[in-house]
Amino acid sequence: MDNVSVFNWFIALIPILLLLYLLLKSKWGVAQAAPVGLAFALVSGMTIFGGSWELLSTEVAKGLWNGILVMSVVAPAILIYEVAHEAKAFDPIRYGLRLFSKNELLQILALGWVFVSFLQGVTGFGVPVAVCAPLLVGIGVRPTWAVIIALTGHAWGNTFGTLAVAWSALVFQSGINDPELISQTAFWACVFTWIMDFAAGLAICWFYNGLQAVRSMAIPVLVITLLHGGGQMIFAQINPTLANFVVSSLTLVVIFFIGRIPAFNKSMVVEDSQVMDRTVMIDDQKDVSGMGLGQAVVPYVVLTVVTLVVLMIAPLKEMLSVWKIGFSFPGTETALGFVNPPVELYSPIVVFTHAGTFLLLSALVGYFVFKRNGHITAGGAKRITVNLIDKSAPSTVAVLLLIAMSKVMSGTGQVEVLAYGTALATGSMYGLLAPFVGMLGSFMTSSNMASNILFGKFQMSMAEILSLNPGIILGAQTGGSAMGNVLSPGNVLLGVTTTGILGAEGEILKKVIAVSLPLIFLSGLIVLFYTLIF
Amino acid sequence: MTTWMKSEFGQLTTASVFCLLSFLFLYAGIRGYGKFYLGIGSLCLVGSMVLPIISAFKKKDH
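This report concerns the structure included in the present document. As the structure is a computational prediction, the values presented were derived from the model and not from experiment.

**Thoughts on the layout of surface pockets**
Residues and elements named next belong to chain A.
Inference 1: In this structure, the second largest pocket encloses a volume near 570 Å³.
Inference 2: Taken together, 18 residues line the second largest pocket, and the ones lying closest to its centre are Leu97, Leu111, Phe115, Leu252 and Val297.
Inference 3: Going through the elements one at a time, helix H4 (90-100), helix H5 (104-122), helix H11 (240-260) and helix H14 (298-312) are the ones with two or more residues in the lining of the second largest pocket.
Inference 4: Of the residues forming the lining of the second largest pocket, the biggest block, five residues, is contributed by H5.

Right under this line is the structure:
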């Protein structure tokens, strides 16, 4: 990297600073802030980093395609919510949750920490936030808090969730093949993601009713985090691919039994909790819909079963993976020598194993089941379609331009300049910043896997150049990415779109930054002390 | 039409459509159909960037 200078580093930072300033200070939505960031990234990409018109067009087109892929998950996730909402399926779900436990906070933990983690273990790709945030709204949580809780609750599962795609990307990109080093990296990845998991459980309680809620839920939180974090630490050494799925499924069963313990089944409702919207009339004393819990959860059961069957049965997955839609892109190079190799099939949609397909199928099955049983009345389909367009059309520009901005930044070498510049400036203190580099990756790309692809090799090189333990540096990379996933405007967008509060991104970011940044800093301190001592 | 374009929903939805058009034209341009398509794609992209910024300033005025 011979194009790293203080000037270049600062210029590369400006699009991110602009984005954050507009979101947090000016209270703009991502839809409004992303074009400003993209405009600056395009101008600096052309003038300072030597990107040609063709290169910038290619990177924008790649970003827009990635954005279309994200929207192909968001839109069917909204559809599931709208179908369930139209059929009034949230009434029996609320009633069912009350049968599970009368403790309101335990209900929130069950959905916003345990179930969201289960979905992360199975599907990922934004589905957990897109599905669980509206579910939380359905049980009376304020939309902004629903997004914050779902984001915080699912983040720990990012590395080993979705059958460990992010972990595999880290191992592949960093080129580690020594079993001992892989095992050590898995250990550290689990340490950092466990920190995130434990903090998520505590944070959700804290959001609900401060220290009092933390105290009252201390035992369930400890049990769940031991299963989540501790279980993942053990299973990651045996089978990383299934580690997150196994422990998040196990926890889903265990929380059911926790809800049966008399101490946690007592009615506990904090009337003035900031998390809850008490203005919404919720009658959870009886199921007035006549639908029954079994029918109400049909779309979610279909989603889980279909995903599991397709992803776990290898021959079936292989057979369905034949149909792909993707585009080829030519190779490009900046005037400063940053190369983007040609891609034969860029980010293809594997039509029948795509998360969006599973969501769409679940929504359609839900619709027909509800319709057949008379829960969706005349005009229902029209109302669902109007609401779907209302929520998804305006957010499309936000998602597409945000990802285009990140692609322009990475394609013109700006992201690399940011990472290398930071590393060069810190030297042996680099350990402190290793998780922040992971965070930068997932902040820019909204994906733990993409962050590991972007920086896996870089982190390995830094560990070798600075003679630091590669296991902890790579663990911090993926741990920081998982924590940074919470801060990613793209992921926040998923939540605000599906809960219908587009424009509230800044408000949500402020809250999740307060949870995530201290944890990334703590992880950095752990890495720093470990690398200085050992 | 005027009312539609004055609303935030209308502006963002139109910008979303511009975004999708921009992808199609840019890709055609990249794949060698000529600079004309790159130009149209870039114009669509500019349109998709300008409309949300206008909506932000309008919201601020209100």
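Back to the text.
**Topic: unusual backbone geometry**
Inference 1: Phi is positive for Lys27 of chain A, close to 60°, though the residue is something other than glycine.
Inference 2: Within the fold, Lys27 of chain A resides in the loop between helix H1 (6-25) and helix H2 (30-47).

**Here's the deal with the packing of aromatic side chains**
Inference 1: The tally for this structure, following the rule as stated, stands at 26 aromatic pairs over all chains.
Inference 2: Their ring planes at 25° and their centres at 6.2 Å tell us that Phe23 of chain B and Tyr27 of chain B sit as a pair that is stacked. Of the two residues, Phe23 of chain B and Tyr27 of chain B are both situated in helix H2 (residues 8-33); the distance of four residues between them amounts to about one turn of the helix. Just as Phe23 of chain B is buried, Tyr27 of chain B falls in that class too.
Inference 3: Here the aromatic cluster, defined as three or more aromatic residues joined through ring pairs, consists of Trp65, Phe327, Phe329 and Tyr346 of chain A together with Phe23 and Tyr27 of chain B.

**Remarks on the nonpolar core**
Inference 1: Leu38, Ile108, Leu109, Leu136, Val141, Val275 and Tyr430 of chain A are the most contacted members of the largest nonpolar core, which has 189 residues in total.
Inference 2: The contact partners of Leu38 of chain A, leaving out residues within four places of it in the chain, are Leu401, Ala404, Met405 and Val408 of chain A together with Leu45 and Met49 of chain B.

**What about helix H22 (residues 489-498) of chain A?**
Residues and elements named next belong to chain A.
Inference 1: Here H22 lies mainly inside the structure; 10 of its 10 residues are buried.
Inference 2: Within H22, the full set of buried residues consists of Pro489, Gly490, Asn491, Val492, Leu493, Leu494, Gly495, Val496, Thr497 and Thr498.
Inference 3: Once H22 finishes, Gly500 follows within two positions and takes phi at roughly 75°, a positive value.

**What about the side chain of Thr193 of chain A?**
Residue and element names in this part refer to chain A.
Inference 1: Looking at the secondary structure, you find Thr193 in helix H9 (residues 179-216).
Inference 2: At 3.2 Å, the side chain of Thr193 forms a polar contact with the backbone oxygen of Cys190.
Inference 3: For Thr193, the residues in contact, after removing those within four places along its chain, are Trp156, Thr159, Gln232 and Ala482.

**What to know about the interface of chain A and chain B**
Inference 1: On the side of chain B, 27 residues touch chain A, which itself brings 30 residues to the contact.
Inference 2: Summing both sides of the interface, chain A and chain B together bury roughly 2,400 Å²; the carbon and sulfur share of this comes to 78%.
Inference 3: Broken down residue by residue, the surface that chain A buries against chain B is led by Trp28, Gln32 and Trp53 of chain A, which jointly contribute 22%.
Inference 4: Counting across the interface, chain A meets chain B through one salt bridge.
Inference 5: Note that Glu54 of chain A is salt-bridged to Lys35 of chain B, the shortest N-O span being 3.0 Å.
Inference 6: One can count eight residue pairs in polar contact (both at pLDDT 80 or more) joining chain A with chain B.

**A word on the pattern of salt bridges**
Pairs can form between side chains of opposite charge once their charged atoms are near each other.
Residues and elements named next belong to chain A.
Inference 1: Applying the stated rule across the entire model yields six salt bridges over all chains.
Inference 2: Here Glu104 ties to Arg278 by a salt bridge, and the two come within 2.7 Å at their closest N and O atoms. Within this pair, whereas Glu104 is found in helix H5, its partner Arg278 is found in the loop between helix H12 (262-265) and helix H13 (293-296), the two being separated by 174 residues in sequence.
Inference 3: Its relative accessible area of 11% is what places Glu104 among the buried residues.
Inference 4: Its relative accessible area of 31% is what places Arg278 among the partly exposed residues.
Inference 5: Connected via shared salt-bridge partners are Glu104, Glu271 and Arg278.

What counts, and where the lines are drawn
Residues numbered from 1 in each chain as written. Chains lettered and ligands numbered in written order. Predicted model: local features only at pLDDT ≥ 70, side-chain atom pairs only at ≥ 80, totals over all residues. Heavy atoms only, no water. 1 Å grid on protein atoms, 1.4 Å probe; cavity = no way out; pocket = protein on both sides within 12 Å on 5 of 7 lines; lining within 4 Å. Points joined across faces, edges and corners; volume = space filled by probe spheres on them. Helix = DSSP H or I, 4+ residues; strand = E, 2+ residues; numbered from the N terminus. Phe/Tyr/Trp six-rings, centres within 6.5 Å; stacked < 30°, edge-to-face > 60°. Buried < 20%, exposed > 50% of the residue type's maximum accessible area, 1.4 Å probe, protein only. Core = buried A, V, L, I, M, F, W, Y, C linked by side-chain atoms within 4.5 Å. Contact = heavy atoms within 4.5 Å. Polar contact = N/O pair within 3.5 Å; in protein donor to acceptor, adjacent residues only side chain to side chain. Buried area = accessible area lost by both parts, 1.4 Å probe. Salt bridge = Lys/Arg side-chain N within 4 Å of Asp/Glu carboxyl O.

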